[in-house]
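Structural features, examined
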Amino acid sequence: MADAIQLSGISKVFGSGSKAVTALKDTELHTDQGSFLALLGPSGCGKSTILRILAGLETPTSGEAYVDGKAPADLRRDSELGIAFQDHALLPWRSVVGNIRLVFEVAGRRPDMDYIHELIKLVGLDRAGKRQLQEYCKGMTRRIGLAQALINDPELILLDEPTSGLDPIGTREMKDLILKLRDQGK
Ligand code: ADP
Ligand code: MG
């Protein structure tokens, strides 16, 4: 079986000449199917760049990246990837449901309302579904991002700093939620 994630000899250089920034150098990363991996490191060490390469949003300067034996861009095209970015764009005038529906709308698909309500429950937003986003705290927007990432029941879920901006209780809740999703095989 192919590694879930395979990064071999990955380097990424942004810019050129005297302004070149080496974000990654000879990075190796291999994970088994069904595993859960957290990247830890100081700001600027290349964590988001790794996620963006796995998401097919950046091309490595050298090296090879595969997810489930496929090129990241193919994985994204086949909707086998769920991403929650650190600053994901939500529409503040829409409700929780409205923001989750957005993923269907952008893909030109009819929203599956039953599934949306199931996801809302799963991420612990079931009592907030109709409220407008403006009324939300950071923890709720993070949960919406997570629900959006889960919509296509993806093979790979990438979460960039899912607890940033949360207070200690919110951080704890988000960690418990992520572990719960892992235990449920999401
Ligand atoms: P982390 O997520 O670990 O904080 P990043 O992957 O965002 O780190 O960044 C790694 C390095 O690459 C940093 O020095 C950052 O400034 C640089 N970098 C990231 N993206 C770009 C970009 N699009 N253009 C130029 N430099 C970038
Ligand atoms: Mg980052």
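Before reading further, recall that the structure is shown in the block above.
First things first, this report covers the structure right here in the doc. (Residues numbered from 1 in each chain as written. Chains lettered and ligands numbered in written order. Predicted model: local features only at pLDDT ≥ 70, side-chain atom pairs only at ≥ 80, totals over all residues. Heavy atoms only, no water.)

**Concerning the site of ligand 1**
Just so we agree on the cut-off: We call a residue near a molecule or strand whenever a single non-hydrogen atom of that residue lies within 4 Å of it. Throughout this description, a polar contact denotes any pair of N or O atoms lying within 3.5 Å of each other; where both atoms belong to protein, one of them has to be capable of donating a hydrogen while the other can accept it, and for residues adjacent in sequence the pair is counted only when both atoms sit in side chains. We get accessible surface area from the Shrake-Rupley algorithm with a probe of 1.4 Å; when it comes to residues, only the shown protein chains can shield them. A helix here means a DSSP run of H or I that spans at least four residues, while a strand means a run of E at least two residues long, and both kinds are numbered starting from the N terminus. Think of it as three bins: nonpolar holds Ala, Val, Leu, Ile, Met, Phe, Trp, Tyr, Cys and Pro, charged holds Asp, Glu, Lys and Arg, and polar takes everything else, Gly as well.
Near ligand 1 the following residues occur: Phe14, Val21, Ala23, Pro42, Ser43, Gly44, Cys45, Gly46, Lys47, Ser48 and Thr49. Take Gly44: an N or O atom from its main chain is 2.7 Å from an oxygen atom of ligand 1. When ligand 1 is considered free in solution it has 560 Å² of accessible area, and contact with the protein chains removes 60% of it. Those elements that place two or more of their residues in the shell around ligand 1 are β2 (21-31) and α1 (47-54). The greatest single-element share of the shell around ligand 1, amounting to three residues, is contributed by α1. Taken together, the residues of the shell around ligand 1 break down into five nonpolar, five polar and one charged.

**Some points on helix α5 (residues 138-150)**
Quick note on the threshold: Take the number of residues in a helix, subtract one, and multiply by 1.5 Å to get its expected span. Partly exposed describes any residue whose relative accessible area lies between the buried limit of under 20% and the exposed limit of over 50%, with all areas from a 1.4 Å probe on protein chains only and scaled to the type maximum. Should any heavy atoms of two residues lie within 4.5 Å, those residues are considered in contact.
Under the 1.5 Å per step criterion, the end-to-end length of α5 is 19 Å for 13 residues, consistent within 8% with the ideal 18 Å. Counted residue by residue, α5 has 11 buried out of 13 residues, so it is predominantly covered. If you check which residues of α5 are buried, you get Gly139, Thr141, Arg142, Arg143, Ile144, Gly145, Leu146, Ala147, Gln148, Ala149 and Leu150. Along its buried surface, α5 packs onto β4 (81-84), α3 (96-106), α4 (113-122), β5 (156-159) and α6 (168-183).

**What to know about the pattern of salt bridges**
Defined as follows: By definition here, a salt bridge exists when the distance from a side-chain nitrogen of Lys or Arg to a carboxyl oxygen of Asp or Glu is within 4 Å.
On inspection of all chains with the given rule, the structure shows 11 salt bridges. One network of salt bridges, with partners in common, ties together Lys70, Asp74, Arg77, Asp78 and Glu80.

**Concerning the packing of α3 against α5**
Stated formally: Simply put, an axis is a line fit to the C-alpha atoms, just over the touching stretch for a helix, and the angle between two N-to-C directions goes from 0 to 180 degrees. Crossing handedness: left-handed means the near helix sits turned counterclockwise from the far one by under a right angle, and right-handed means the same turn made clockwise.
Between α3 and α5, whose axes approach to 9 Å, the crossing angle comes to 35°. Both α3 and α5 take part in a crossing whose hand is right-handed. Here Val96, Asn99, Ile100 and Val103 of α3 lie close against α5, whose contacting residues are Ile144, Ala147 and Gln148. When its residues are assigned to classes, the contact of α3 with α5 shows five nonpolar, two polar and no charged.

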